[in-house]
Amino acid sequence: NAGVTQTPKFRVLKTGQSMTLLCAQDMNHEYMYWYRQDPGMGLRLIHYSVGEGTTAKGEVPDGYNVSRLKKQNFLLGLESAAPSQTSVYFCASSSPRGGSYNEQFFGPGTRLTVL
Amino acid sequence: GENVEQHPSTLSVQEGDSAVIKCTYSDSASNYFPWYKQELGKRPQLIIDIRSNVGEKKDQRIAVTLNKTAKHFSLHITETQPEDSAVYFCAASMRGGADGLTFGKGTHLIIQP
């Protein structure tokens, strides 16, 4: 099992450019999440999905869009990148265990720089 | 929404001593409280979690306590070792984490030899 994988690992964009980050998991998890991590800020939830074809906003959704067309994939899109979106992006996935509690497994992260 | 405060931001202890990291949360509906360890340049990894129906949980040198009345929870690491050096994050969530986690800002734990 590869677990949770993210593509790409690094990317540099210019302001106004667009890109898509791909997250894939092979654990048959129902739930998937996108977080961003900034120095001194911890991780903050951008969007999440509780199942194929469903998405919902998290704490910091502005400037991002997501899609979950297949259960194993969760895409994060930046339509017009801004320097404030320079961050490390982590994807995570989970499924209920022992009732309704969800241990989240994280991917390796994508380091994005917007110039 | 939920707000999680974590203290201290940096903690330096001598090898072999104990370390305690404290977190408070704001929403009494939160019912799931995981702790993650993150080494430099790596992904966060779960080290222990606790549910709201449990007051304490222990796993070898690591323990977590939860006080629902005061809305705070703590991570205790005993007999610290050099490999314990990392950033530790607490988090809280309603619905057992299904709707995502709200994280604290992290504690940089430094183990002095």
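Whatever comes next refers back to the structure up there.
This section reports on the structure supplied with the text. Model, not experiment: these values are computed from the prediction. (Residues numbered from 1 in each chain as written. Chains lettered and ligands numbered in written order. Predicted model: local features only at pLDDT ≥ 70, side-chain atom pairs only at ≥ 80, totals over all residues. Heavy atoms only, no water.)

**Structural notes on the packing of aromatic side chains**
- Summed over all chains, the structure comprises 14 aromatic pairs over all chains.
- Consider the rings of A:Tyr33 and A:Tyr48, whose centres lie 6.3 Å apart with planes at 25°: the pair is stacked. Within this pair, whereas A:Tyr33 is found in strand 4 (residues 31-38), its partner A:Tyr48 is found in strand 5 (residues 42-49), the two being separated by 15 residues in sequence. Of the two residues, A:Tyr33 and A:Tyr48, neither departs from the other in class, the shared state being buried.
- Members of the aromatic cluster, each reached through a chain of ring pairs, are A:Tyr33, A:Tyr35, A:Tyr48, A:Phe90, A:Phe106, B:Tyr36, B:Phe89 and B:Phe103. (Phe/Tyr/Trp six-rings, centres within 6.5 Å; stacked < 30°, edge-to-face > 60°. Helix = DSSP H or I, 4+ residues; strand = E, 2+ residues; numbered from the N terminus. Buried < 20%, exposed > 50% of the residue type's maximum accessible area, 1.4 Å probe, protein only.)

**Re the sheet that holds strand 8 (residues 73-78) of chain A**
All names here are of chain A.
- A sheet is described by the order of its strands in space; here four strands give the open sequence 1-3-8-7, paired in antiparallel fashion. At either margin of the open sheet sits one strand with a lone partner, and together these are strand 1 (4-7) and strand 7 (64-67). Sheet twist, expressed as the mean angle between neighbouring strand axes with direction ignored, is 20°.
- One ladder, built from six bridges, connects strand 3 (residues 19-25) with strand 8; its direction is antiparallel. The partner of Thr20 across the bridge, within strand 8, is Gly77. (Pairing = 2+ DSSP bridges. Axes fitted to C-alpha atoms, helices over the stretch in contact; angles between N-to-C directions.)

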